[in-house]
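What the coordinates show
Here is how the chains run, residue by residue.
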Amino acid sequence: MNMEKTIRWAVCGLGKITKRFCRVLQRLPGVKLVACVSSSKERALAFQKKYGLEAAYTYEEFAANPGAADAVYVANNMNMHRPTVNRFLNAGIPVLCEKSFCLNKAEAEEMTACARKNNVLLMEAMWTRFLPSAEYVRGLFEKGELGKIKAIRAYFKAGIGHPPGSRVFRKAVGGGSVLDLAVYPAGYTHMLLGVPESISASGTLNKDGVDLRCSTEFRYPNNVTAKFDTSLLFMQIREDYNIYCEKAHVKIYRFYQSKKIKISYADGKKVIKKFERSDGFEYEILHFNNLIREGKTESPIMTHRATVEIMGLLEEINRQLGVVF
């Protein structure tokens, strides 16, 4: 085990989120961005020049050169996650795959099985699980300091920044509020409560069958409920997550990249917990780097089982809305 090893990264899918990933990666210790991968050689070469990378590849070229990088971040359109990830896993390349992980539970099962078959590291890039604020929240409930969770109410509404032709409005590439936004509150709720006994969901679809907004309720034993609303139409940003417990109310501000939590106790006492300001990518990248250095093939924080279960929840929400992938 070499915990000082510099991890050489490639990125695949060269859109907006990958550019942000690159900016974060290039300021972290113990890593080096060395290559980019695209379905278009021309786009790959342009990206290589912009970021000063050693190499630019098509998917086929990268899979044929597994020694070109120690890890690859996959962030192409969701409809392409399964074939892309499996191609790289079969080549023996560790993969950090952006969320939503894929289109449905069956694809998630196939991808995680491919990782196990090849004995290669695969992890969903669910950055919320790696945030210091999420670690703090998990600790609160593991210690039982606030009593049992009675209810959850969350919102993730973000219609700003999506032009009419955006991928989020295109079903063919995995668009919709469920896979783009609901994955965050569904994933956070799964982290705290696991798989619900039942789900109910309702929402609005556009003429192309893409879900634009969704209201979801997860029901757990002892009448515990988790309700969350997501929307691609809401022209302001709302991203709060509220946990109502036996002894307190926990409000997580901007929960998907939270730097502030307020705990309001039943006796009137209030505690504000603040966290260092940094990009959410940072923590999952550092975690993934260490998994590679330790020779691990699965994250203990974002397990394959968790990824498959969350995709199952999202698939059921989509099914109830009339969206099938």
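Notes on the structure in this doc start here. None of the values given here were measured: they were computed from a predicted structure.

It is worth spelling out empty space enclosed by the protein at this point. Rolled over the atoms, a probe as big as a water molecule pinpoints where empty space is left. A full pass over the atoms with the stated rule returns one cavity of 30 Å³ or more. Around the largest cavity, the lining residues are Leu131, Pro132, Gln257, Ser258, Lys259, Phe275, Glu276, Ser278 and Tyr283. Considering only residue class, the lining of the largest cavity consists of four nonpolar, three polar and two charged.

The subject of this paragraph is the pattern of salt bridges. Using the criterion set out here, one finds 19 salt bridges in the structure. A salt bridge links Asp208 to Lys207; the nearest nitrogen and oxygen atoms lie 3.6 Å apart. For Lys207, a relative accessible area of 80% corresponds to the exposed category. With its nearest N and O atoms 2.9 Å apart, the salt bridge here joins Arg305 to Glu309. Of this pair, Arg305 and Glu309 both sit in helix H9 (residues 304-321), four residues apart, roughly one helical turn. Residue Arg305 is classed as exposed on the basis of its relative accessible area, which comes to 63%. If you follow the salt bridges from partner to partner, you end up with Lys5, Arg8 and Asp70 in one network.

Let's shift gears to the packing of helix H6 (residues 132-142) against helix H7 (residues 177-193). Any two packed helices are characterised by how steeply their axes cross, that is the angle between the axes, and by the distance between the axes. The contact between H6 and H7 brings their axes to 10 Å, and the two run at 30°. The way H6 lies across H7 gives a crossing that is right-handed. Contacts between H6 and H7 involve Ser133, Ala134, Val137, Arg138 and Phe141 from the former and Tyr188, Met191 and Leu192 from the latter. Broken down by class, the residue content of the contact of H6 with H7 amounts to six nonpolar, one polar and one charged.

The next thing to look at is a positive patch on the surface. The grouping of Lys19, Arg23, Arg27 and Lys50 at the surface amounts to a positive patch. Tracing the sequence through the fold places Lys50 in helix H2 (residues 41-51).

The subject of this paragraph is the sheet that holds strand S4 (residues 71-74). Taken in spatial order, the six strands line up as S3-S2-S1-S4-S5-S6 in an open sheet, and their pairing is parallel. Each having just a single partner strand, strand S3 (55-57) and strand S6 (122-125) make up the two edges of the open sheet. Adjacent strand axes in the sheet meet at a mean angle of 25°, parallel and antiparallel pairs treated alike. H2 contacts strand S1 (7-12), strand S2 (31-37) and S3 of the sheet and is inclined by roughly 160° relative to S3.

Attention now goes to the packing of aromatic side chains. Each aromatic ring pair is summarised here by two numbers: the centre-to-centre distance and the angle between the ring planes. For the structure on display, the rule yields 20 aromatic pairs. Aromatic side chains Phe21 and Phe281 sit 5.2 Å apart centroid to centroid with 85° between the ring planes, which places their arrangement in the edge-to-face category. Taken together, the residues Phe21 in helix H1 (residues 16-25) and Phe281 in helix H8 (residues 281-293) connect sequence positions 260 residues apart. Taking the relative accessible area as the measure of exposure, Phe21 reaches 0% and is therefore buried. On the numbers, 5.7 Å between centres and 50° between planes, the contact of Tyr57 with Phe62 is tilted. The same class applies to Tyr57 as to Phe62, namely buried. Taken together, the aromatic side chains of Trp9, Phe21, Tyr73, Trp127, Phe156, Tyr184, Tyr188, Tyr241, Phe255, Tyr256, Phe281 and Phe288 make up a single cluster linked through ring pairs. Lying over the aromatic face of Trp127, Lys99 brings its terminal NZ or CZ to 5.2 Å of the ring centre.

To continue, consider unusual backbone geometry. Residue Ser100 is reached from Lys99 by a cis peptide bond, and omega for that bond is -15°. Structurally, Ser100 is set in the loop between strand S5 (95-98) and helix H5 (105-118). In the Ramachandran plot, Asn119 falls in the positive-phi region, its phi being about 55° despite a non-glycine side chain. Note on placement: Asn119 falls in the loop between H5 and S6. The residue Arg254 is not glycine, and still its phi comes out positive at about 45°. Within the secondary structure, Arg254 sits in the loop between strand S13 (248-253) and strand S14 (260-265).

Further remarks concern the pairing of strand S8 (residues 198-205). Two strands pair when backbone bridges link them, and S8 and strand S9 (residues 211-220) are joined in this way by eight bridges, in the antiparallel orientation. Within S9, the residue paired with Ser202 across the bridge is Ser215. In this structure, the hairpin formed by S8 and S9 is closed by a connection of five residues, where Gly209 is found at a positive phi of approximately 80°.

All right, on to H6 then. Among the residues making up H6, those that are buried are Ser133, Ala134, Val137, Arg138, Gly139, Leu140 and Phe141. Gly144 sits one or two residues past H6 and shows a positive phi near 70°.

Conventions used here
- Residues numbered from 1 in each chain as written.
- Predicted model: local features only at pLDDT ≥ 70, side-chain atom pairs only at ≥ 80, totals over all residues.
- Heavy atoms only, no water.
- 1 Å grid on protein atoms, 1.4 Å probe; cavity = no way out; pocket = protein on both sides within 12 Å on 5 of 7 lines; lining within 4 Å.
- Points joined across faces, edges and corners; volume = space filled by probe spheres on them.
- Nonpolar A, V, L, I, M, F, W, Y, C, P; charged D, E, K, R; others polar.
- Salt bridge = Lys/Arg side-chain N within 4 Å of Asp/Glu carboxyl O.
- Buried < 20%, exposed > 50% of the residue type's maximum accessible area, 1.4 Å probe, protein only.
- Helix = DSSP H or I, 4+ residues; strand = E, 2+ residues; numbered from the N terminus.
- Axes fitted to C-alpha atoms, helices over the stretch in contact; angles between N-to-C directions.
- Left-handed = near helix turned anticlockwise from the far one by under 90°.
- Contact = heavy atoms within 4.5 Å.
- Patch = residues over 30% accessible without salt bridge, like charges linked within 9 Å, V, L, I, M, F, W, Y side chains within 5 Å.
- Areas by Shrake-Rupley, 256 points an atom, 1.4 Å probe, with all protein chains shown as cover.
- Lys, Arg positive; Asp, Glu negative; His and termini not counted.
- Charge placed at Lys NZ, Arg CZ, Asp CG, Glu CD.
- Pairing = 2+ DSSP bridges.
- Phe/Tyr/Trp six-rings, centres within 6.5 Å; stacked < 30°, edge-to-face > 60°.
- Lys NZ or Arg CZ within 6 Å of the ring centre and 35° of its normal.

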